[in-house]
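Topology and contacts: notes
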Amino acid sequence: MVNLLERPAVQEVTETPVAGRRPVAQLTLPTLLTLTAIVTIAPFAAMVLVAFAPPGGRTFPDALDPTHFTFANFSRVLASSDIPRWTVNSLLYSLISVACVLLFASMAGYAFAKKKFPGREIMFWAFLATLMVPFQATLIPSYILVSNLNWVDSYWGLIVPTLANSQAVFLMRQFIIQLPDELFEDAEIDGAAEWRIFTMIVLPLIRPVLATLGIFVFLWHWNDFLWPLVIGQSGRMQTLTVGLATLQSQSPPINQLMAGATITVVPSLLVFGLLQRYLTDSITMSGLKA
Amino acid sequence: MLVLFLVFRLLPVVGALLLSLTDYRLSGTWDFIAFDNYTRLLSDGMFHQALLVTLIYTVIFVPLTVLLSLGTAVLLHQVVWSRGFFRGVFFLPYVTSIVLAAVIWKWIYDAQDGLLNGVLGLVSIGPVDFLGQSGSVLPSIAVTSAWKGFGYSMLILLAGLQAVPKSYLEAAMIDGAGTWQRFRYITLPQLRPVLFFVLVIETIGAFQVFDAMYVMTGGGPVRSSYSLVYFLYDSGFKYFDFGYASAIGLVLFLIVLIVSLIQRRLVGRDD
Amino acid sequence: MKFAVRTTVCRVAAPLTALVLAAALSSCGGGDSGDSSNAKKSVTLWMYPVIADQAASDAYWKKVETDFEAANSGIDLKLEMQPWANREEKVSAAFAGKKGPDVLLMIPDQIPQYVANGSLEPVGDVVEPDKDKFLPAAIPGLSVDGKVYGAPIYHTVTTTMYNKTILTKAGITKPPETWDEIKAAAPKIKAAGFSTLDYSASPEATLNLNFYPLLWQAGGNVFADDGKSVAFNQAPGLEALTFLKTLWDQGAIPKSALSNGNVIADQPLGKGQVAMAFAAAPADAGTVAKTWGAANVEIGTPLTDKKQVGFGLPGGLVLNAASENSDAAKKFLSFMIQPAQLEGLSKASGFFTPRSDVKVVATDPNAAKFADALQYAVPGEPNPAARQIMSFLSAEIQAVLTGKKQPQQALDDAAKQANDLLSRQR
């Protein structure tokens, strides 16, 4: 392992130097990227196109004929008057979760990464262990638990159980572990309080990861179908995913499915677009006393 | 956090454990039957089949996804000006739900007029029944899941790549190390904790595969895409044998735990 | 250093615990979904999108609610529309947590298992007064061990459906009505470039809509009379499976059948590549009319081999055994099965009504033919182990179609698994 001989005091630059790369590499890179992009985007594009196809089960390849595009599928799906309510529920569910999970997970991740305390490894693996049991097995026990707390069909029951996100904790730990120990030792020598270390040192350094995690947590909750379905009994508690499903007959034609999907995808893309710029932030290491 | 975790994560798992030792009926009545569920499980041919399917699937899926995400992360890391755009594109599949991804890909794989067979037809191959043959069904589903999920690991690996201190790489370059050597001796080791995360998460995901198979093949043909979680789902929600289903869940957990511990030995040693 | 963690953890844990406890206590105080002892009793109903058009659905159920509450001033009816998707998880979780609705919609497939779990309350007294006004299969279809658990509100029916364009192209003048006629027509249809018979062989496709009707048409049964063993591996079962295999080998069944789960819309049948289906429902006729053209859809009578049988089942409202308002709920059930409500439901949903004294005026010619087929409808053979046995059989059928096993072997293997299971049933 290379030893940390000097503390980097300068803002890190993220681009790798262009000089020294062979000309061939400069061609293959964009080509490779574009090819992968096309393969990735093709099925997705198909989904959106099919959503615009005229209703009545016309499928590939007729479906992709732009002259027949129509909004009919969307109006059918959007016909419900409960959509604002569902959207509000989904937003509450997703946004509150993002805020809480980011906070809790980073704190817990920090504790697991940098603090030594008895039973740390075991506790960490207990967190991991809960990820390994498939949720279909814990669905009924979870529901019974929530039901005994009388939280069924309420925001409490919907949101609180999902705040304990082991995967987020795991992710945070892995990133925080990389931060050099010297940073923390210095801060303690300086007499900084626990909370300050956390907010002034850890948080800024893991900003890109926080942004990444934020996007994921939002997505996981926005797209979640099973838990809101099982917890929400009445119409007013349904989220967008569940609500849209109540508008579908037992085997909806593919156009309607895709229209509903396109609608739910739009906010996710918006969130991703907004948070994108935080992902490019370089990791800044503030100047440290030698 | 701890309270939340204990109450809402650990408790249901313990609940599932207890369930697996009983023969719980929906109405709430149950008899304690100790390990009967487990002994039945071990001699159940369906369990062996599901286990085999899941293992094969995992072996195909995990390398595929990890390499794909690592590859795209590395590619993206090199690029600056169009990074945002490409990153967005690669992330698109992740934004869809797995059910929809499965529906789209099922249509792509369709034996008669799917997109893939259409393309193959242009070079006079096929038509190939991707989802209808036991030899090709698992790789096909693996590709679908990889397509859907690689954006997640890619973003995380990308963040990890950005955390590699440039000073190390510069120092190595000054010392005359080539691109591959820099990657192998500096980047990869620095990436280790993150790589461990990706490996474990993708492995867990592979072992828990269900939705894609449910939508695309129904577990067929002849159970060649019948995963352990599918078996669990049927036992619990189709046949209402919740005790048995919980037992399956716990066996699955044990297997994944062992695999993760092995991975930890190989990759996860944190410095 | 060690105390630092405790401080952080404590700092978080303490307020959090307080929060959780406070929340738990506060919600314990207030009641949820009206089960308090006010003058108004409430009955919660879970309904599914049986009426496809959302506007029509809203209108119909609103009227039901208004009419019912007008006639029963002390009862508040709450209707909660549920999605079809993942309904098993939702319903079983609700029953497990004792938080389910008072009344909900169920079909014969689901009822035996919930009854075996003690989740449902018999409703014999609700249907008793009008018992003989229902179709012969309606009430038995919703009964287990002689006790009635569901109040029928609709009845489905399936029968044959033909694509006239394909038949004409293949030079077939009379739509095949028996197995022999199908076998004779298959080569001609294949020569014209189409498949003959639609079939769904995915393990998720209920056998009630594919293999079982063939079994019944061959004169066989799934279960033996006492329900303690299976009978599908006897001669009629073999005949049915061999029929299927022969057609498959000839290419008369679309190859994508292996992953088709009884879906019409974007599958070969809907796309006009298959000549006929033998278990089509009225909704399916509507779906294919859009792609084939309404004039090309022909509805026939159920297929005949040794018997003429089609599948058709009643859908009924069941009563939660844990309901605290079962009297009020039963009043609602009685209300729902009255001719006025059922007629409205039938008109709006396109399903048939289970009452023989309700005549719904047919709006299109196909409806009359479907109505004709009602007399041949069999509601399936309910049994708590039915679904599990279906999945054994389904996998074996796939093995036969893909050439991995011979029909008799496959049937026997499935029968062995099924009998094992049945012997373990309590």
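Keep in mind it's a predicted model, so treat the numbers as computed, not measured. (Residues numbered from 1 in each chain as written. Chains lettered and ligands numbered in written order. Predicted model: local features only at pLDDT ≥ 70, side-chain atom pairs only at ≥ 80, totals over all residues. Heavy atoms only, no water.)

A closer look at the domain arrangement of chain C
Residue and element names in this part refer to chain C. Using the following cut-off: The split into domains, and so the bounds of each, comes from an automatic or database assignment of domains. For this analysis, residues touch if any pair of their heavy atoms sits within 4.5 Å. By convention, the term buried area covers the 1.4 Å-probe accessible surface removed from two parts as they join, with the contributions of both added. Here a salt bridge means any side-chain nitrogen of Lys or Arg lying within 4 Å of a carboxyl oxygen belonging to Asp or Glu. Three classes are used: nonpolar for Ala, Val, Leu, Ile, Met, Phe, Trp, Tyr, Cys and Pro, charged for Asp, Glu, Lys and Arg, and polar for all others, with Gly counted as polar.
Split into domains, chain C comes out as domain 1 (41–156 + 313–367) and domain 2 (159–305 + 385–423). Of note, the centres of domain 1 and domain 2, computed from C-alpha atoms alone, are 30 Å apart. Contacts between domain 1 and domain 2 engage seven residues on the former and seven residues on the latter. In total, domain 1 and domain 2 occlude about 620 Å² of area from one another, counting both sides; carbon and sulfur atoms represent 45% of this. For the domain 1 face of the interface with domain 2, the top three residues by lost area are Asp109, Gln113 and Asn366, together amounting to 67%. Viewed at the interface, domain 2 and domain 1 are joined by one salt bridge. Residue Arg387 pairs with Glu88 through a salt bridge whose shortest N-O separation is 2.9 Å. Partitioning the side of domain 1 that touches domain 2 into residue classes produces one nonpolar, four polar and two charged.

Thoughts on the confidence of the model for chain C
Residues and elements named next belong to chain C. Applied cut-off: Every residue gets a pLDDT, meaning the predictor's confidence in that residue, from 0 to 100.
Here chain C averages 82 in pLDDT, while 90% of its residues score no lower than 70. In this model residues 1–38 is a low-confidence stretch, pLDDT under 50, and it forms 37 contacts with partners more than four residues away in sequence or in other chains. This prediction of the complex comes with two scores: 0.82 for pTM and 0.77 for ipTM.

Examining empty space enclosed by the protein
Residue and element names in this part refer to chain C. Worth spelling out the cut-off: A 1.4 Å probe that fits into a set of points on a 1 Å grid over the protein atoms alone but cannot get out defines a cavity; an open set with protein on both sides within 12 Å along at least five of seven lines defines a pocket, and lining residues are those with an atom within 4 Å of a point. Grid points are joined across faces, edges and corners, and a volume is the space filled by probe spheres set on the points.
The tally for this structure, following the rule as stated, stands at twelve cavities of 30 Å³ or more. Considering only enclosed or pocket space, the second largest cavity measures out at about 80 Å³ in volume. Residue lining of the second largest cavity: 13 residues in total, with Asp109, Asn208, Gly380, Glu381 and Pro382 positioned closest to the centre. Residue composition of the lining of the second largest cavity, grouped by class: nine nonpolar, two polar and two charged.

A word on the interface of chain B and chain A
Filter applied, for reference: Pairs of N or O atoms are called polar contacts if they sit within 3.5 Å, as long as, within protein, a hydrogen donor faces a hydrogen acceptor (for residues adjacent in sequence, only side-chain-to-side-chain pairs). Only DSSP runs of H or I with at least four residues qualify as helices, and only runs of E with at least two residues qualify as strands; both kinds are numbered from the N terminus onward.
Chain B puts 80 residues into the contact, and the matching count from chain A is 85 residues. Here chain B and chain A share an interface that buries about 7,800 Å² over both sides, 79% of which is from carbon and sulfur atoms. The interface formed by chain B and chain A contains one salt bridge. Across the pair A:Glu121 and B:Arg264 runs a salt bridge whose closest N-O atoms are separated by 3.6 Å. Where chain B touches chain A, the interface holds six residue pairs in polar contact (both at pLDDT 80 or more). For the side of chain B that touches chain A, the element with the highest residue contribution is helix 1 (residues 2–20) of chain B, accounting for 13 residues. Residues belonging to the side of chain B that touches chain A are distributed by class as follows: 59 nonpolar, 13 polar and eight charged.

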